[in-house]
Every structure is written in structure tokens, then in C-alpha cells.
Amino acid sequence: MQDFVKIHTGDTVAVALKPLEAGRVLDVAGVRVTLREKIPQGHKFALEEIEAGAQVIKYNAVIGVAEKPIARGDWVHTHNLKTGLGELLTYTYTPEAISLSPCEPLTFWGYRRPDGRSGVRNEIWIIPTVGCVNNVATAIERQAQRLVGGSVEEIVAFPHPYGCSQMGEDQENTRKILADLVNHPNAGGVLVLGLGCENSGIEELKPYIGPWDPKRVRFLVAQECEDEIEEALSILEELADYVGQFQREPILASELVIGLKCGGSDGLSGITANPVVGAFSDLLVAQGGTTILTEVPEMFGAETMLMNRCKNQELFEKTVELINDFKTYFTSHGQTVYENPSPGNKKGGISTLEDKSLGCTQKSGSAPVCGVLKYGETVKRKGLHLLSAPGNDLVASTALAASGAHIVLFTTGRGTPFASPVPTVKISSNSMIYERKENWIDFNCGTLVGEGNLEELSSHLFSYVLAVASGEKVKAEKRGFHDMAIFKQGVTL
């Protein structure tokens, strides 16, 4: 295993791949570096003298500004490095010529829906319109488990605290996300459970859902029933008969939509897990498939790399709007645009938002940006998309599912047990967390710092994703975890 890595020839820092002791003498690309202090795993050390106010370079890009003089061999982190980010910026479109090599078509075993779409799960979802019926929804879920069997894979409720006492765009977001979940192809059948007096009641929600198949989507208003649980179970029996008719069949990988997300990142995330997911994204896009990158605040500092990969001027302008709208969202609430990274990120070696963003955006690979989505908007074309959503793990992963992702790939250096409405593959950036939390982590990219190979590991990940799409359950699914969260933006009445 390597002890450290200099990611790019132009970098002024290198990254420790394991803890390095003070006084150790290293040869870094022909430069002799004596470590002046202990360097934790994932953290950076200086390869040259860096003056106060000078830019610090990693990934061949600026990750911040030195707050004081930094000597060669010094630990470079939050005590001597600060962000260089500002507020709204003016951008220039400098398009890059990008082409991906065509590849042999691959398939997975999925479910073909009557409307022509495909799903990777055949579940029955219970969608509450308002938080007031959350406990009813979970009670129905528990009592309906006897209906699981055959090709009916799971019956799952998705409680949430919204649907009433919201105003304007905040209420619109709730309706859009709920409607997106109702229409998701991983759900073979859906029970929409309302209370009867909420702002986002069933009648208000129906226009957002659009045309629906009454064999697949059923509605129940609790205030209009004598026993809503009994009536719901009767409806679910009928839905189970319908959903049970679907069987897995071969479907081209080009129909897959995969969400890309990271959380609890560490200093190795941008070196191992995120580049592997980026290479996976390129493989899927080359197949004719679709990937979605979100976490807009974690694009700050790396946004120009995405902008220059936009296929045309219109997409470039949408990406500029995507970035600046989120910066305005922060400043309109009196917050700075760079209140990041998190304490866990810093402990893992990430010092500034630029440092985090440059690692985060590597999940997008090198494919051209073919679409830019608003929050709650679903994908309508193939290729790499950017989605407006915050960095919060549950909110962003739910947003990916709502936009059409069949599966979410979630890279992490710290580990997390959460799930989302769709299978959520946990991918570790280091082998230590993979070995310690094998009940959470599905795929290990920590081997990339040893004998691993990026091409081989991304190909292995692609094969694993096809297996998950074909029915193999991820760790969170095996434990019965299903989470969802909606982006709260407005006033609560």
C-alpha cells in the first residue's frame, strides 16, 4: 500500500494514505520532504514553502488560501488554510470537447411497467399526504407484511412531517416530491393515504401526479373511513394481486438511472471512492444510461469544471443559475455560502469547501452534462444530469429518487446506516470503515490505494450495480431501512 499520494503534478500538497509520523523523510516525485509534525490519514502536507495569502493547490486546482506561512512538511488543514470562495460570480463558457467510447450493450433483470418504463424493485409503497397520518401509515405497513411474497418484494411506508401548514414554493416542493414517488417505477403499486383536511390533500395532489393507472395507484382518505387501517389492508390485498403479476425480465442497462451522492467524506473520498463512481458514471453513460449528480453547495469551488462540460450554451446558463440560486438561498437567510465542510469531514482531512467540492464532483466522471434539473423535476433524457438539491444526505438522496433514480450510489469515508426510497449502495473510501462497519457498507474502494486499479474497480462496481438492479439487496434493505426527507424551505404556519 502507498503511504501518500500527490494527486497531480501541479499540486503543492500531498495526501497521507495512512498516518505518517513526524520526522519521516519522504521522496515525493523527486522532492525530499521531511514531515515537521504527525499527519493523520487523509490529511495534507505541504510539498513546498507556501507564503501567507498564497493559493494552495490540490487536484491541480485551488482549494484555499494560506492563512499564515506554511513550511515544507507542515500539516495543512483548517489551522493554516481558509476558503477563497466569495459570493455570486460571473462565469464564462469555455466548452470542452468530450467523447466517450461506445461499448457492448449490457442488461439487468428488471420489471417492465405497462407505460414502458422499467423498475429495479417490485414494491408496494404507502405514501402519506401529510404527517398527521404517519403512524397510521406505519401501522398499515406492519400489518400488511403477510402480503409480501412471490414477486411482491416489499411493502413500505414513507412517513414525513409535511403536507400541511406550508406556504408557496415550500408547499409546492412537498407536492412535487410526493407525486414523483407515486410515479416511481420501483413501485409496482401505490396507496396514497390522506387525512382529509390538509393543504396537500389527495385532490390537490392528483394534478401533480398526472394520469394514473387505477390498478396501480389507489387513494384513501382517513377521515372518510370508519376504520382506515382495515380499509387500507383490503386495498393492499388488491394491489398485491396486481403487483404480483410482474416478473423480472432482461432490460438494457441503458434504461438505468443512477443517483450519485456522497456524505461523511474524508480525505480519501476524492482519491478513491468518488473517482471510481465517476468512472462508473462514464461507463453507464457510454451504455446510453443516465446518472444524476446533486449536492449543489458541494459544487461551489468546482463548478466551472462542470460548466465547461455542458453540451451547449443553454445548459451552461442553467448551471450558472443552479449555482447562483443556491448561493442566493444561503445569503438570503443570512448565511455564508461556505459554511462547510462538516466536523466529520474536517476530522477526515477535508479543510475547505473547495477541497470538498473538488473531491465531490469527481463522482460525475468526464461525461458531458446533458441536463440540469430543478428540485422535484424528473429526468427526460439520457446522459449526465445536475440536480438542484442541498448536501443533506437524506434530502439529497430523496431528491435523486424523486427525479427518477432507480438506485443511489453513496460514497462515504465515515459511514452511515441511512437509506432512501430506492436501493442505496454505500461505498467506502477506505478499507478501515469497510471492515469495521460491514453491516453498513456494500462496496469498498479503499483497495484503490493498495493494489487496486481504477478501471478494474469501476468495472467491478458496474457489475455490482447490475446485480442490485437485478434484485440483490443492499445492506440497508436487508435491515429493513427506508428513509425519505423533503427539502424544507419556507414558513410553517
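This text follows the structure it describes.
As a convention, each chain's residues are numbered from 1 in the sequence order in which they are written. Local features are withheld for residues below a pLDDT of 70 in this predicted model, meaning they are given only at 70 or higher, and side-chain atom pairs are given and counted only at 80 or more; totals for whole chains, interfaces and linings count all residues. By convention in this description, side-chain values take in all heavy atoms of the structure and omit both hydrogens and water.

Chemist: A description of the pairing of strand S15 (residues 217-221) should follow, citing residues and the corresponding values.
Modeler: In short, DSSP must find at least two bridges between two strands for them to pair. To qualify as a helix, a DSSP run of H or I must reach at least 4 residues; to qualify as a strand, a run of E must reach at least 2; elements of each kind are numbered from the N terminus. Pairing of strand S14 (residues 187-194) with S15, which is carried by 5 bridges, proceeds in the parallel orientation. In the strand pairing of S15, Val190 is matched with Val217.

Chemist: Outline helix H12 (residues 454-469), supporting the account with residue identities and numerical values.
Modeler: In a helix, the anticipated span is given by 1.5 Å times the number of residues less one. In this model, H12 (16 residues) spans 22 Å end to end at C-alpha, consistent with the 22 Å of a helix rising 1.5 Å per residue. Every buried residue belonging to H12 is among Leu457, Ser458, Leu461, Phe462, Tyr464, Val465, Leu466, Val468 and Ala469, and all of these are buried. For H12, the capping residue at the N-terminal end is Asn453, with a side-chain oxygen 2.9 Å from the backbone nitrogen of Glu455. The buried label goes to any residue with under 20% of its type's maximum accessible area, the exposed label to any with over 50%, and the partly exposed label to all in between, with areas taken from a 1.4 Å probe on protein chains only. What qualifies as a polar contact is a pair of N or O atoms within 3.5 Å, subject to a donor-acceptor requirement within protein and to the restriction that residues adjacent in sequence count only when both atoms come from side chains.

Chemist: Please set out the sheet that holds strand S6 (residues 55-58) residue by residue, giving values where relevant.
Modeler: Within the open sheet, the 3 strands sit side by side as S6-S7-S9. Their pairing is antiparallel. With partners counted over all chains shown, the strands left at the sheet margins are S6 and strand S9 (81-82), one partner each. Against the sheet, helix H9 (residues 353-360) engages S6 and strand S7 (61-66), with an angle of about 165 degrees to S7. It only takes one pair of heavy atoms within 4.5 Å for two residues to be counted as in contact. Under this scheme, a helix contributes an axis fitted over its contacting stretch, all axes are lines through C-alpha atoms, and angles between N-to-C directions fall in the 0 to 180 degree range.

Chemist: Report on the sheet that holds strand S23 (residues 443-444), specifying residues and quantitative values.
Modeler: Taking strand neighbours across the sheet as the criterion, the 7 strands line up as S19-S20-S18-S17-S21-S22-S23 in an open arrangement whose pairing is parallel. Every interior strand has two partners, whereas the edge strands, strand S19 (369-373) and S23, have only one.

Chemist: Can you lay out helix H3 (residues 202-209) for me, pointing to particular residues and giving the numbers?
Modeler: Residues of H3 that are buried include every one of Ile202, Leu205 and Ile209, and no others. Mapping the buried residues of H3 onto a view down its axis gives an arc of 60 degrees, with all of them on the same face. The exposed set on the far side of H3, more than 90 degrees from its buried face, consists of Glu203 and Pro207. On its buried face, H3 is in contact with helix H2 (168-182), S14 and S15. Looking at the residues trailing H3, positive phi occurs at Gly210, about 80 degrees. Each direction from the helix axis to a C-beta atom contributes to the arc, which is the arc of those directions.

Chemist: Summarise the pattern of salt bridges; cite the residues concerned and give the values.
Modeler: A pair is scored as a salt bridge if a Lys or Arg side-chain nitrogen falls within 4 Å of a carboxyl oxygen belonging to Asp or Glu. Taken as a whole, this structure holds 22 salt bridges when the rule is applied. Between Arg24 and Asp3 there is a salt bridge, with its nearest N and O atoms 2.4 Å apart. Note that Arg24 is positioned in the loop between strand S2 (13-16) and strand S3 (25-28) and Asp3 in the segment before strand S1 (4-5), a separation of 21 residues in sequence. The class for Arg24 is partly exposed, based on a relative accessible area of 32%. Look at Asp3 and you get buried, because its relative accessible area is 16%. For Glu203, the salt bridge is made with Lys206, and the minimal N-O distance between the two is 3.2 Å. With Glu203 and Lys206 both in helix H3, this residue pair falls 3 residues apart, about one helical turn. When salt bridges with common partners are traced through the structure, they connect Lys261, Glu295, Lys363 and Asp393 into a single cluster.

Chemist: Quick rundown of the environment of Cys225? Include the residues and the values.
Modeler: Its place among the elements puts Cys225 in the loop between S15 and helix H4 (228-243). Taking relative accessible area as the criterion, Cys225 reaches 14% and is therefore assigned buried. Sequence separation of Cys225 and Arg146 is 79 residues, and the distance between their C-alpha atoms is 23 Å. Not counting chain neighbours up to four residues away, the residues in contact with Cys225 comprise Leu220 and Glu231.

Chemist: Before we move on, can you summarise the packing of helix H5 (residues 273-286) against H12 with the specific residues and values?
Modeler: Two elements in contact, H5 and H12, have axes whose closest approach is 8 Å; the angle formed by their N-to-C orientations is 65 degrees. In this structure, H5 meets H12 at a crossing whose hand is right-handed. Contact with H5, carried on its side by Pro275, Val276, Val277, Ala279, Phe280, Leu283 and Leu284, involves Leu454, Leu457, Ser458, Ser459, Leu461, Phe462 and Val465 of H12 and no other residues of that element. Crossing handedness is read from the near helix: turned anticlockwise from the far helix by less than a right angle, it gives a left-handed crossing, and turned clockwise, a right-handed one.

Chemist: Please give an account of the nonpolar core that cites residues and values.
Modeler: Buried Ala, Val, Leu, Ile, Met, Phe, Trp, Tyr and Cys residues form a nonpolar core when they are joined through side-chain atoms within 4.5 Å. Counting 89 residues, the largest nonpolar core has Leu256, Ile258, Ile407, Leu409, Ile427 and Leu461 as its most contacted members. Per-element tally for this core: the top contributor is H12, with 8 residues. Grouped together as the second largest cluster of nonpolar side chains are 30 residues, Val136, Ala157, Leu193 and Ala232 included.

Chemist: Account for the packing of helix H1 (residues 134-143) against H4, naming residues and giving values.
Modeler: In the contact formed by H1 and H4, the axes pass within 10 Å of each other and the chain directions differ by 50 degrees. One finds that H1 runs oblique with respect to H4. The two elements H1 and H4 cross, and the hand of that crossing is right-handed. Listed contacts from H4 to Val136, Ala139, Ile140 and Gln143 of H1 are Glu228, Ile229, Ala232, Leu233 and Leu236. Each residue receives one of three labels: charged for Asp, Glu, Lys and Arg, nonpolar for Ala, Val, Leu, Ile, Met, Phe, Trp, Tyr, Cys and Pro, and polar for the others, Gly being one of them. Its residues placed into classes, the contact of H1 with H4 shows 7 nonpolar, 1 polar and 1 charged. The scheme is simple: roughly parallel for angles under 35 degrees, roughly antiparallel for over 145, roughly perpendicular for 65 to 115, oblique for anything else.

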